[in-house]
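Each chain, written out:
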Amino acid sequence: MAEIKQPSPVHGTQCISTQLSRQIISLCDNSSEPWAIKNYESRYLYANAKYIELLNLPTEFNITNKLDSDIPHPSSKSASYFHKYDREVQASEKNVSSLNIYPFGSKEIIQPYICKKAPFYDEKGNCMGIILHTKKLQVFSAIQYLNEASLNAGVDKNIKIQKKKNFFTDKELEVIFFLMQSIKCKVIAEILGLSCRTIENKLQSMYKKANVCCLDDFKAFCIKNSFDKYNKPISKILPHDITTSTLLHPMK
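Residues numbered from 1 in each chain as written. Predicted model: local features only at pLDDT ≥ 70, side-chain atom pairs only at ≥ 80, totals over all residues. Heavy atoms only, no water.

The chain is annotated in an unreviewed UniProt entry as Putative transcriptional regulator PAS and GerE domains from Candidatus Regiella insecticola.

In structure tokens:
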């Protein structure tokens, strides 16, 4: 192991003075994807330039020796979740992945990233922390519609349907759009500025129109009749408290 004595310039690679393999640092430095290393206390020992760019950190901010809760980014609100997964990786010495949906990059576009965490060992073979790697999840999802910038970035705007004799109202189609993304009624209500009771009443009305009695059957009806492809742009962006809690799903 070689000692990295000096941190690189801010907004480039950032590395604290500690025992880290030059091979690992070189690999991460030259990667086109975000990488970071934390110690056993979940404090950052290292972050490559892509990781710094992903979080869109201020020029003067140095991430080394910081906790997730110290970082000026919306994801800091979920620091307790991140630290929980860090502990799980360290205790089990097995990989853990999570789906993180936040405003990422310089344009702060809400988008999903898979974060894979693995145990990081010292030269004696002891787990000294975790190494994490994040990669953008390529999906055709609600998040792409919730941000106009994402729509302009190449989402096919032609995937639309003609309303079949006004079978569903515009507002009902918006509710269907979110239901097909498995978003809960409470969250849909907040996004659309309606009460949860209103959304539930609309859902019951739509069940009646579709002649079904449960959500699974209703989704099947929507898929069969192409109502799941409705993509009327929605101008509202998810509030941070939704993106950092309700839509955060750990995966193993």
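Following the structure, the description resumes.
Describe the pairing of strand β4 (residues 35–39), with residues and values.
In terms of residue burial, β4 counts as a mostly covered element, since four of its five residues are buried. Pairing of β4 with strand β5 (residues 44–47) involves three bridges; the strand directions are antiparallel. Paired with Ile 37 across the bridge in β5 is Tyr 46. Two successive antiparallel strands, β4 and β5, enclose a turn made up of four residues, where Ser 42 displays a positive phi of approximately 70 degrees. (Buried < 20%, exposed > 50% of the residue type's maximum accessible area, 1.4 Å probe, protein only. Helix = DSSP H or I, 4+ residues; strand = E, 2+ residues; numbered from the N terminus. Pairing = 2+ DSSP bridges.)

Any details on helix α9 (residues 215–224)? Residues and values, ideally.
The set of residues buried in α9 consists of Phe 218, Lys 219, Phe 221 and Cys 222. The buried residues of α9 all sit within an arc of 160 degrees when viewed along its axis, so they share a single face. Projecting away from the buried face of α9 at angles above 90 degrees are the exposed residues Asp 216 and Lys 224. On its buried face, α9 sits against α6 (170–179) and α8 (196–210). Positive backbone phi, at 65 degrees, marks Ser 226, one or two positions downstream of α9. (Arc of directions from axis to C-beta. Contact = heavy atoms within 4.5 Å.)

An account of the environment of Glu 33 is requested, with residue identities and associated values reported.
Position of Glu 33 among the secondary structure elements: in the loop between α1 (22–29) and β4. Note on Glu 33: relative accessible area 22%, which makes it partly exposed. On a C-alpha basis, the gap between Glu 33 and Lys 136 in space is 8.8 Å, while along the polypeptide they are 103 residues apart. If sequence neighbours within four positions are ignored, Glu 33 has contacts with Asn 48, Lys 50, His 133, Thr 134 and Lys 135. Among the polar contacts listed, one links the side chain of Glu 33 to the side chain of His 133, at a separation of 2.5 Å. (Polar contact = N/O pair within 3.5 Å; in protein donor to acceptor, adjacent residues only side chain to side chain.)

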